[in-house]
Structure formats: structure tokens, C-alpha cells
Amino acid sequence: MTRPHRLRLLGAREPAEAAPLSVPSGEPPRSVLVHAARGGDVRAFAALVDAYYARSLRFALHMLASRDDAEEAVQDTFVRVYKALPKYEEREAFEPWLFRILANRCRSAGARERRRAEFVEYGDVPERPVSSGHDDAIAWREEIGIALAALPEEQREAFLMRHVEDLSYEDMSVATGVGVSALKMRVKRACDALRARLTEVDRD
Amino acid sequence: MIDERDAVIDRVVESLRPLPVVDDAAKARLLIAVAAERERDRESAMRRHAPHRMSRWIIRGTGVVAAAALIGAILLRNTQQTAAPVRTAVSPTPAPAVRLAGSDAGTDAETAPQSVELVLRAPSASNVRVVGDFNGWDQDHAPMKRDAASGLWSVTLSLRPGRHIYAFVVDDTLWMRDPRAPAAKDADFGRPGSVMLVGRP
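Each value, and the rule that gives it
- Residues numbered from 1 in each chain as written.
- Chains lettered and ligands numbered in written order.
- Predicted model: local features only at pLDDT ≥ 70, side-chain atom pairs only at ≥ 80, totals over all residues.
- Helix = DSSP H or I, 4+ residues; strand = E, 2+ residues; numbered from the N terminus.
- Buried ≥ 20, exposed ≤ 12 C-beta atoms within 10 Å, placed from the backbone.
- Contact = placed C-beta atoms within 7 Å.
- Axes fitted to C-alpha atoms, helices over the stretch in contact; angles between N-to-C directions.
- Left-handed = near helix turned anticlockwise from the far one by under 90°.
- Nonpolar A, V, L, I, M, F, W, Y, C, P; charged D, E, K, R; others polar.
- Pairing = 2+ DSSP bridges.
- Expected span 1.5 Å × (residues − 1).
- Arc of directions from axis to C-beta.
- Core = buried A, V, L, I, M, F, W, Y, C linked by C-beta atoms within 7 Å.
- Domains from an automatic or database assignment.

Asker: Where do I start with the overall build of chain A in this structure?
Answerer: A count of helices and strands for chain A gives eight helices and zero strands. When the elements of chain A are put in sequence order from the N terminus, they spell out α-α-α-α-α-α-α-α. Across the 204 residues of chain A, 38% fall into the buried class. When contacts within chain A are restricted to residue pairs at least 6 apart in sequence, long-range pairs at least 24 apart make up 60% of them.

What follows is the structure, encoded as C-alpha cells:
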């Protein structure tokens, strides 16, 4: 008997402007890809990488300071996804499952970054690029980067999952292993901190 | 719990939402890492279930074809989406893709590594590497050297006798099989690597 497609698995809450996340007509829904990849179809796995790579990299880039570390975290994530697919329960939503692995890899990479930073002498490397001030839009993006980096890791992670990756609190709970109430508090505190810092910048 | 967005948070989200530019080389490295993982799994399964040498080769060959197919599948997708960075051509002089350049010292002729030279004509490439089951599909293991006059890239490898699957990676992103060697076709997955037989399997 043919199993029905579980369309809830994928894509239902994806942001409309993230073009690569939409499934072009003629391509199979991602739930079908996940099912096929789980069954050993390498083309389906490659298509999943195509579908989620950019979004995973976006999350990793916002969590980590270096692009190399972000790419390595994403690579490590997909290797782990590949290894864990046989154990993946299709009744689970794929996206929070992917983000659980990705967030874990980013936390580990973040810890490595912090250890490395302890060995960098003060003054060697600027924490973030310094704005030249010639372009307000660039300056604003840099301020956002600084404000985001100043958040505690768990608040940054919760904020990004909720407002950039559009995960529901229930899916965030699956991805982080933290309760919904605690996650709401983290997001609220992150918003408060960003608002306070960036409002201050706007006044300057 | 209030989770309200205001104008400031909207601007933050708007700034963070655009997807980053994807580096195809990084994506290719990812798929090579996955393929290597797949190969390790199959090798482990082979050791558990196939005690005889001949059987190991057969199972290993099957696993490597699948691993090559995984890498090939996505790299083919990439190359279909973007123009190929180099043009490659088969050498006008028919020659075997694999030349046995001598045998290394060894008492067991059946297992002693042999020197194998791989050659590819790619005059406009800036770098070419060989990946295969013999180096864990690692791009850093077998960089090829370019002969400026002929545009030929070559590398000599020391390989154990048996059936090997391999491919060339041109300019870090373009995956291609050896045009002068038999294709390791896999009916299920489409794009394979190339096959070479070293010594007597």
C-alpha cells in the first residue's frame, strides 16, 4: 500500500521571501524527498541538501563569527543528518529535527570559537568589522550584527529560530529541548535587548 | 508571554532574513564528506559480512559506485545550474586512462600496491584533483600536476590491486569522470565515477 505524503513535515511554515525554500512545480514535495532519502536514495538526499543548505548556512552565519566555522558546522550537520536518517521517525517534522542537529553543531563550534579567542591577544583582530560610516545601511547592518553577537547564545538562537527561520514555538521546543514558556522568555529578552541597543544607536 | 514585534525588530529581521550566497566549493566538500561517510559505513558492513577477499572487492565496488553517485548527483546539479568553468577534452592520442608504471616492491603480488598514472587534458583548469575510494574521496589527497606545454594534468598513485572507482574534481567544483576510462554506471542514480582495474582482481 502506498503511504500517504505527510505534507506537514516540510515547508508549511517557510517564509515566502526565501525563494530557494519553495518547491518549484514539477519537483517532489520535501516530505517525499525525506522519505526517499531515508530509504537510501542518494539523489533525494542531494536534493535535500540543495533545499536546506542556504537556510542552514544563514542560521550558522548568524550564530558564529566566522564563515569558515559556519560552513563547517553546516557540513557537519548534513553528515550527521545522513548518518541519523535511518533512525529518523517520519512522524516527526523534518525541519525542527534538522535544526536540532544544526543548533547543536553551532553550539559546539561557538564553544571552540570562544576557546580560540582566549588565545588571541588583545588588539590582534577586531571583534567585528568597523563601519566606515559612509553608508547608513551598511552601518545599520553592522550595528545589528554587533547587537546580535552581544546576546547570550541561547537568546540569539531562540530569536533567530523564531523570527528569522519562522519556526513555531512547538518546533523550537523540539529543536532545542527547552520548554515553550522558557523559549518565549528568551525571545522576549532578546527582543528587549536588541530594541534597547538599536534604539540607542538610532539616537546617535 | 508577549512576543510582539515593533518597527525596530522588524528592521532587524529584515536585515537578517536574506539568504547568504552559497559557495559551490563548500557545498561540494559537504557532499564529498557525506559520500566518504557512506563509504565508511559500507566498508564496515563489508568487513562484518564478507570474509573472503573477492567478495570484499565486489561489495566495495558496489558501495563506492553509490558513494560516487551521491557526489555526482549533486555536483551534476550544480554544473547544470552554472556554466562549466573549464573545458576538458579527450587526448587525441588514444591511450588507456590508467597506465601501470611499474610495480612496487612486495612479496604478495596479489596485494602489493602498484603505481598508476592518471591523466586528464584540461588546459584551462587552474587545479585538478583525483578523488576515489582509495583516498576516502578527499580532495586534498591527490592534486594533479599540470604540464604547461600539453595542458595535461597527471598524478601517479600507489594503489592496491582491485577495482577502484574515481573521478576528477576540476577547479574545486566541477566533478567529472575520466573520459578515457569505463564509466561506473549505476542504473538507479545516474551519474557515476570511472572504473579502473589494478592488477588482477
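Asker: I keep staring at the packing of helix 2 (residues 42-63) of chain A against helix 6 (residues 153-164) of chain A and nothing clicks. Help me out?
Answerer: The angle between the axes and the distance between the axes are what describe a pair of packed helices. All names here are of chain A. It is the contact of helix 2 with helix 6, at a shortest axis distance of 10 Å, that shows an interaxial angle of 145°. Along this stretch, helix 2 crosses helix 6, giving a crossing that reads as right-handed. Mapping the contact onto sequence places F59, H62 and M63 in helix 2 and R156, E157, L160 and V164 in helix 6. Here the contact of helix 2 with helix 6 is built from residues that sort into four nonpolar, one polar and two charged.

Asker: Hey, could you run me through the environment of I144(A) in this one?
Answerer: Checked against the element boundaries, I144(A) lands in helix 5 (residues 136-150). For the pair I144(A) and L198(A), spaced 54 residues apart in sequence, the C-alpha separation works out to 7.3 Å. The residues touching I144(A), leaving out its near neighbours within four places in the chain, are L198(A), V12(B), S15(B) and L16(B).

Asker: Sorry if this is basic, but what is going on with the pairing of strand 3 (residues 128-132) of chain B here?
Answerer: Successive side chains on a regular strand alternate, one facing one side of the sheet and the next facing the other. Residues and elements named next belong to chain B. Burial analysis of strand 3 places five of its five residues in the buried class, the great majority of the element. Neither face of strand 3 is left uncovered, since the one carrying V128, V130 and G132 and the one carrying R129 and V131 both have all their residues buried. Note: strand 3 against strand 6 (residues 162-170), five bridges, orientation antiparallel. Considered in strand 6, the bridge of R129 is made with V169.

Asker: Before we go on, may I ask you to explain helix 5 of chain A in this structure?
Answerer: All names here are of chain A. The first and last C-alpha atoms of helix 5 sit 21 Å apart over 15 residues, in line with the 21 Å expected at 1.5 Å per residue. Those residues of helix 5 that sit buried are E143, I144, A147 and L148. Buried residues along helix 5 cover an arc of 135° about the axis, so they all sit on one side.

Asker: Looking at this structure, I do not really get the nonpolar core. What am I missing?
Answerer: Residue and element names in this part refer to chain A. Membership of the largest hydrophobic core comes to 90 residues, with the highest contact counts inside it found for L48, V49 and A60. Top element by residues in this core is helix 2. It accounts for 14 residues. Here this core gathers at least three residues from each of two domains, domain 1 (11-120) and domain 2 (134-204).

Asker: I would appreciate a short explanation of unusual backbone geometry in the present structure.
Answerer: Most peptide bonds are trans, and most residues other than glycine sit at a negative phi. Located in the positive-phi region is D166(A), a residue other than glycine, with phi close to 60°. When you line up the elements, D166(A) lands in the loop between helix 6 and helix 7 (169-176).

Asker: Just checking my understanding: could you explain helix 7 of chain A for this structure?
Answerer: Each full turn of the α-helix corresponds to 3.6 residues, which orients residues three or four apart in the same direction. Residues and elements named next belong to chain A. Every buried residue belonging to helix 7 is among D171, M172, A175 and T176, and all of these are buried. Buried residues of helix 7, seen end-on, are gathered within an arc of 125° and therefore sit on one face of the element. The first or second residue beyond helix 7 is G177, which carries a positive phi of 75°.

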